[in-house]
Amino acid sequence: MLHNTIIWGIIGCGDVAEVKSGPAFQKCDNSKLLAVMRRDTALAEDFAKRHQVPLWYDNADELLSNPDINAVYIATPPSTHLEYSLRSLEAGKNVYLEKPMVLSINESIQLSKAVSNSSQKLVVAHYRRFLPMYLKVKQFIGDNAIGIIKYIDLRFLQPFNFNSKPAWRLNASVSGGGYFHDLAPHQIDLMYHFFGDFESVKGISVNQSGRFDVDDIVNGIINFKNNIQFRGIWGFDMPKHLEEDTCIIYGDKGTIEFSFYKDELKLNTETENKVFNFKNPEHIQQPLIQQTVNYFLGKRDNPCPVEDGELVISIMEEFTKN
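The notes below deal with the structure included here. (Residues numbered from 1 in each chain as written. Predicted model: local features only at pLDDT ≥ 70, side-chain atom pairs only at ≥ 80, totals over all residues. Heavy atoms only, no water.)

**Thoughts on the pairing of strand β7 (residues 149–157)**
Logical step 1: One ladder, built from 8 bridges, connects β7 with strand β11 (residues 244–251); its direction is antiparallel. Within β11, the position partnered with Asp153 by the bridge is Ile248.
Logical step 2: As judged from the 7 bridges shared by β7 and strand β10 (residues 229–235), these two strands associate in the parallel manner. Across the sheet, Tyr151 pairs through a bridge with Gln229, a residue of β10. (Pairing = 2+ DSSP bridges. Helix = DSSP H or I, 4+ residues; strand = E, 2+ residues; numbered from the N terminus.)

**Quick look at the packing of helix α7 (residues 132–142) against helix α9 (residues 179–195)**
Logical step 1: α9 packs onto α7 with a crossing angle of 35° between their chain directions and a minimal axis gap of 10 Å. Seen from above, α7 lies across α9 with right-handed handedness. Where α7 approaches α9, its residues Tyr134, Val137, Lys138 and Ile141 are matched on the opposing element by Leu190, His193, Phe194 and Phe195.
Logical step 2: Classifying every residue of the contact of α7 with α9 by side-chain character gives 6 nonpolar, 1 polar and 1 charged. (Axes fitted to C-alpha atoms, helices over the stretch in contact; angles between N-to-C directions. Left-handed = near helix turned anticlockwise from the far one by under 90°. Contact = heavy atoms within 4.5 Å. Nonpolar A, V, L, I, M, F, W, Y, C, P; charged D, E, K, R; others polar.)

**Considerations on the pattern of salt bridges**
Logical step 1: Going through the model one piece at a time under the given rule, you end up with 19 salt bridges.
Logical step 2: Across the pair Arg87 and Glu83 runs a salt bridge, and its minimum N-O distance is 2.7 Å. Of this pair, Arg87 and Glu83 both sit in helix α5 (residues 81–90), 4 residues apart, which is roughly one turn of that helix.
Logical step 3: Classification of Arg87 by relative accessible area gives partly exposed; the value is 25%.
Logical step 4: Residue Arg300 pairs with Asp301 through a salt bridge whose shortest N-O separation is 2.8 Å.
Logical step 5: Judged by relative accessible area, which is 27%, Arg300 ranks as partly exposed. (Salt bridge = Lys/Arg side-chain N within 4 Å of Asp/Glu carboxyl O. Buried < 20%, exposed > 50% of the residue type's maximum accessible area, 1.4 Å probe, protein only.)

That is the geometry; function is a separate question.
Structural data, given as structure tokens:
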């Protein structure tokens, strides 16, 4: 094992690992990707050869038993996040875990307990925290650029455009509950990252379309402990003309407005209106992966601990528990 280097294995080298995350493990400082695992041997081998990864497996136990690997990236569907995290911690590996962290608050309690009882470390992959646009939003909030924050309005309304066979994201036993559980964790995590812990949460969700056995519209309200209020609506079967991706933070001296899938930020105050444009890194998780490597090496605190993942899961569960 290389001295002062995090040597990675990936469990689950599917789509998310192709560009968003996988290559970043080879490009970060003090980081090396040694092995990948996928249950389909041919697909594991194909990924490894295309990305110049030395080893591939079709069995997680083989990867976890490799003594050279000291950290594992878990990029499987959420239904196996808890299992692979517990096994990785038991095997003495640090863990970088995809979102949503787990399927339920009960699972998050189990994982949190396991981490606290382990000498290993775990980071949740809420990578948007370290992207340029959201760093700027946090800076504006910290600098009181729009004065005292009053409330946040989030609207994420999407047409249904998944016309092929139902993906695992539409199987609640695998994803936790549809596209809300796949996309909203990042958005909810950012609200917590910006505004702190919450005092109370209420929500309601329904299956309006009946296309699949998951809710496709979710409403949620949060009262943060600092009395900032949040309201959000997520819809995944909207007519095209109602499509929207907007988050507006209202202060007593202006607004901050952005979209989650565009790289433009608007700052509107009593004295100025400015538009900022950003470019994300090619491998969008690389900034957080670098911070994770630094944390595993003892060079910084945890950039996204299990407690933050647990808070996001608890909010999602309150929004959808009906």
